[in-house]
Amino acid sequence: MAMSLADLLLPLFLLVFLTRSRSQCPTNPSAIVNDTQVLLSLRDRLGIKVWNETANPRAWRGVEWSSDNQVEGLALSRFNLSGVFPATWAELPSLARLDLSQNGLSSLEVPCKNTQLNLLNLSSNSLQEFPGNLSSLESLESLDLSGNFLTVAGLPKFSLTLRSLNLSINNLTGSFSIGGNLGLEALELSDNGLSGSIPETFGEMTNLTRLDISYNRFTGDLPDIWSKNLELRYMGISNNSLQGGLPPSLRRLRKLSDLRAAYNSLSGPLELEDGDFASIEVLNLGLNWFSGTIPATLGGLRNLKILVLTGNRFSGTIPGELSKLSHLQLLVLTGNRFSGAIPPELGNCSNIRGIRLDSNYLTGTIPGELSKLSHLQQLVLSSNDIGGELPSGLSNCTVLVVLWLGKNKFSGNLPESFGDLSRLLILELSSNDLVGSIPAMLQNMSALQFLILENNRFSGSIPDWLPRLTNLRAMDFSVNRFSGEMPESIGRLFANVQLYNKSKRHMMIQTGGLVYNGFAFPTFIDFSFNQLTGSIPAAIGDLYKLQVLDLRHNQLTGPIPESLGKARNLSKVWLAGNRLNGSIPSSVADLSFLTIFDVSNNSLVGRIPDSPQLSSMDAALFAGNQLCGLPLTNTCSSTAMPPHKLRTEGQGGSEQDQREVITLVSVAIFVAAFFNAFFWTYFAANHRAHSHAGNQISSSSTMLLPSFLPSSS
């Protein structure tokens, strides 16, 4: 029988097809017969230098051996790997864990069949697409591809064994499709550019315990699709553009313990029925458009530990029913429209560590019951209309770290008992009606870093014991009635503090069991707008670490001390509106980091020292004197002032660091910068501008300031 053309071509077609099919599955050298040879091959192909330090593979860093001499794990994170990771790894018959995170890999070769691997970590590499053949990893349970450059929002088909998938911090855009991977227990998609509505298929993932889609561009109403997600414990949807309210199917999830929905456009009243959020521990609804009153049923959330409602439009009084939250550790109601008094029942929240009620319309006084809160570490009540005297009983809160009461109507004296707050880092009492002198007992506040008393009616002299506050890095006594001369002891300030350094902005400090973001704020002294007399002490030159000095609008006399030039880290100096005389000392030209030197409206004479910093400043900073030389337009005679001496090499701080010192024009700038960079408890920045005023709320499960809970995820 004659063969047709099709019969002749079929074998050839099958040969080509099978060859191509095999080429999609990387092959491995058949000569490799044991784990040691596999490791040697990987070492040679990838150039793993640390494995050359010893000839014994059992001592190689990152190789995890079992008791029967089988490699069961490779932990090669930060091994400086690049290019393609070869399929040789699959020749390790017992390999269950492969961690290749934080390298520079562009791809991973995956064989067509692998039944051992259950954990694969490729996070923080340079992958631009999913590795091929991932579905062939038949036992894979955990796959981490976060921190890469993946762009395709649709998922490939994975093995049915996959339980955890992390695709956060990639470049995924458009609408998202879960594909056939409905068996996942954890799905991380945060920090991408995903858009459109939340996929309804999420509601079909009955095994889901953790879902994080925060920091994306999802829009539309938060859908009512969650009735089948009975195992869901964590949901992160913050930093999107979601609208509507909290749907009933979400509120009724009995295992949901952590809901992060900040930075959206959710609106309407906060609806809570009996039985809603039965297991909720963290409820973060900050920076949305919720309105109305807080329902009394909120007090029924008996497991609640963290409640963040900041930056909404809630109004009415703060319900006393919150005192029923016996496990509550953090209450943040900042930036709403609450009125009335602080409920004294909050004193029954015996486990509370942080209370933030700032930027509302609260009145009345600070309830004495708050003095019973022995675990309280943060009390922020600023920008309200709270008055009365400062309760001395707050000294019973001995672990208090932040006391921020500025912009209220407090009156009377500063209680001496505050000196017992030995762990206090921040005392902020600006813009009140406080009077009297600064109690000497405050010198016992050994941890204090920020002492802000601006815009009150304090009087008396500047205390000479301030250097005993060895951790102090900033003091603002401006706009008060302090009088007398500045003490010589001022030259001993800041001896133990670190200079502002941008690279150390997020240094961590452990204080009182909490982890704080130790933002290295510029060291500064602000005594402006007082009634200080006498001369500027020569000891000011001993403040080598001083970066900002503001003495304007006092009654200071005499010359500017020559020693000022020794304070080499000064960035900004305001001496305007005093009665200073003589000439500007030539040593000022040594201040190479100086960006502002305001001596206007004094009685200074002579030549302005020659320096690039001074000559480039605004001429108005030197007006109202009898000065000459740049930046002024009037020229000097050659005898007006001796020429400036040459600067000694090696003096002063790092120029790169010092040019990062930020401008401190007023305490308002201080408050804004400090709140955003140092203080925001639960809030993360740098993702999306929001139309609300207020600070940003973190979707992270660990808080920098303060870290009240280890992790709620």
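Counting restarts for each chain, with residues numbered from 1 along the sequence as it is written. Per-residue local features are limited, in this predicted model, to residues with pLDDT of at least 70; the limit for side-chain atom pairs, both in listing and counting, is 80 or more; totals at the level of whole chains, interfaces and linings are taken over all residues. By convention in this description, side-chain values take in all heavy atoms of the structure and omit both hydrogens and water.

A. Structural context of the overall build of the protein chain. Counting its secondary structure elements, the protein chain contains six helices and 46 strands. Buried means the residue's accessible area, taken with a 1.4 Å probe over protein chains only, is under 20% of the maximum for its type, while exposed means over 50%, and partly exposed covers the values in between. Relative to its 713 residues, the protein chain shows a buried fraction of 54%. Two residues qualify as a contact provided that any one of their heavy atoms is within 4.5 Å of a heavy atom in the partner residue. Contacts in the protein chain between residues far apart in sequence, at least 24 positions, make up 50% of those at least 6 positions apart. What sets the accessible areas is the Shrake-Rupley method with a 1.4 Å probe; for residues, cover comes only from the shown protein chains. Working note: accessible area of the protein chain is about 28800 Å², and carbon and sulfur atoms make up 49% of it. Helix and strand definitions here come from DSSP, where helices need a minimum of 4 consecutive H or I residues and strands a minimum of 2 consecutive E residues; each element is numbered from the N-terminal end.

B. Geometry of the environment of P415. One can find P415 in the loop between β29 (409-413) and β30 (426-428). Residue classification places P415 among the buried residues on the basis of a relative accessible area of 9%. Between the C-alpha atom of P415 and that of L390, which follows or precedes it by 25 residues, the distance is 7.0 Å.

C. Up close: the sheet that holds β29. Read across the sheet, six strands follow the order β27-β29-β31-β33-β35-β39 without closing on themselves; strand pairing throughout is parallel. For this open sheet the edge positions go to β27 (387-389) and β39 (531-533), each flanked by a neighbour on one side alone. Across the sheet, the axes of successive neighbouring strands diverge by a mean angle of 10 degrees, strand direction being ignored. A pair of strands counts as paired when DSSP detects no fewer than two bridges linking them. The sheet contact formed by strand β35 (residues 481-485) and β39 spans three bridges and is parallel. Bridge pairing in β39 places S483 opposite Q531. A fitted line through C-alpha atoms serves as each axis, taken over the contacting stretch for helices, and the angle formed by two N-to-C directions is quoted from 0 to 180°.

D. Region of the structure containing the state of the cysteines. The definition used for a disulfide is geometric: two cysteine sulfur atoms within 2.5 Å. This model, assessed by the stated rule, comprises one disulfide. C628 shares a disulfide with C636; S-S distance 1.7 Å. Judged by the sign of its S-S torsion, about 120 degrees, the cystine formed by C628 and C636 is right-handed. No difference in accessibility class separates C628 from C636, as the two residues are buried.

E. The sheet that holds strand β46 (residues 626-628), seen in detail. The four strands are arranged β41-β43-β45-β46 in an open sheet whose pairing can be described as parallel. Both edges of this open sheet fall to β41 (557-558) and β46, since each of them pairs with a single strand only. Here two bridges tie strand β43 (residues 579-582) to strand β45 (residues 603-607), and the two strands are oriented parallel to one another. Looking at the pairing, G582 lines up with L604 of β45.

F. Structural view of the environment of I237. Within the secondary structure, I237 sits in the loop between β14 (234-236) and β15 (241-243). For the pair formed by I237 and R260, sequence separation is 23 residues and the distance between their alpha carbons is 6.0 Å.

G. Molecular detail of unusual backbone geometry. Cis geometry marks the peptide bond from L630 to P631; its omega dihedral reads 10 degrees. Summarising the element assignment, P631 is placed in the loop between β46 and α5 (655-658). Even without being glycine, S124 reaches a positive phi, approximately 55 degrees. Residue placement: S124 occurs in the loop between β6 (119-121) and β7 (142-144). By relative accessible area, which is 34% here, S124 ends up partly exposed. Phi is positive for S359, which is not a glycine, with a value near 60 degrees. Considering the arrangement of structural elements, one finds S359 in the loop between β24 (354-356) and β25 (361-363).

H. Here's a closer look at the nonpolar core. For this analysis, a nonpolar core means a set of buried residues of the types Ala, Val, Leu, Ile, Met, Phe, Trp, Tyr and Cys, connected via side-chain atoms within 4.5 Å. L187, F202, F597 and F622 are the most contacted members of the largest nonpolar core, which totals 184 residues. Among the elements that line this core, the one with the most residues is helix α2 (residues 35-46), at four residues. Residue contacts for F202: discarding those within four places in its chain leaves F176, L187, L189, L211, I213, I225, W226 and N229. Residues V282, I306, V308 and L330 belong to the second largest nonpolar core, which totals five residues.

I. Geometry of α2. Residue count minus one, scaled by 1.5 Å, sets the expected span of a helix. Taking 1.5 Å per residue as the helical rise, α2 with its twelve residues ought to reach 16 Å, and the 16 Å between its terminal C-alpha atoms agrees with that figure. Among the residues of α2, D35, V38, L39, S41, L42, R43 and L46 are the ones counted as buried. Buried-residue contacts for α2 involve β1 (63-65), β2 (71-75) and β3 (82-85). A 3.5 Å cut-off defines polar contacts: any pair of N or O atoms within that distance qualifies, except that in protein one atom must be a possible hydrogen donor and the other a possible acceptor, and neighbouring residues in sequence count only when both atoms are side-chain atoms. N-capping of α2 is provided by N34, with a side-chain oxygen placed 3.1 Å from the backbone N of T36. Residue G47 follows α2 closely and has a positive phi angle near 65 degrees.

J. Structural context of the pattern of salt bridges. Here a salt bridge means any side-chain nitrogen of Lys or Arg lying within 4 Å of a carboxyl oxygen belonging to Asp or Glu. Counting across every chain of the model gives 19 salt bridges. Here R43 makes a salt bridge to D44, at a shortest N to O gap of 3.2 Å. The residue R552 makes a salt bridge to D550 at a minimum N-O spacing of 3.0 Å. The pair R552 / D550 is uniform in exposure class, with both members buried. A single network of salt bridges, built from pairs that share partners, joins E64, E72 and R97.

K. Expanded view of the pairing of β2. Looking at chain direction, β1 and β2 are connected through three bridges and run antiparallel. Its bridge partner being in β2, W65 is matched across the sheet by V71. Counted between consecutive antiparallel strands, the loop separating β1 from β2 contains five residues, among which N69 sits at a positive phi close to 65 degrees.

L. Looking closely at the side chain of S214. With respect to the secondary-structure elements, S214 resides in the loop between β12 (210-212) and β13 (217-221). In terms of polar contacts, S214 uses its side chain to reach the side chain of D212, at 2.6 Å.

M. Highlighting the confidence of the model for the protein chain. Taken residue by residue, the protein chain gives an average pLDDT of 85. The fraction at 70 or more is 82%. Of the regions scoring below 50 in pLDDT, residues 504-519 engages in 47 contacts with residues more than four places distant in sequence or in other chains. Each residue carries a pLDDT score, the predictor's own confidence in it, on a scale running from 0 to 100. In this model residues 642-713 is a low-confidence stretch, pLDDT under 50, and it forms 205 contacts with partners more than four residues away in sequence or in other chains.

N. How the structure looks around the packing of aromatic side chains. The rule is short: rings of Phe, Tyr and Trp, with Trp giving its six-membered ring, pair when the centres are within 6.5 Å, and they are stacked under 30 degrees, edge-to-face over 60, tilted in between. Counted under the stated rule, the structure contains nine aromatic pairs. Between W51 and F79, the ring centres sit 6.5 Å apart and the planes meet at 75 degrees, which makes this aromatic pair edge-to-face. One end of the pair, W51, is in the loop between α2 and β1; the other, F79, is in the loop between β2 and β3, with 28 residues separating them in the sequence. Judged by its relative accessible area of 0%, W51 is buried. Judged by its relative accessible area of 10%, F79 is buried. On the basis of an interplanar angle of 10 degrees and a centroid distance of 6.3 Å, the ring pair of F290 and F314 is categorised as stacked. Placement of F290 in strand β19 (residues 289-292) and of F314 in strand β21 (residues 313-316) is noted, with a sequence separation of 24 residues between them. Grouping aromatic residues by their ring pairs yields a cluster made of F458, F477, F482 and F527. A ring has a charge above it when a Lys NZ or an Arg CZ is no more than 6 Å from the ring centre and no more than 35 degrees off the ring normal. The side chain of R210 reaches across the aromatic face of Y234, ending 3.9 Å from its centre.

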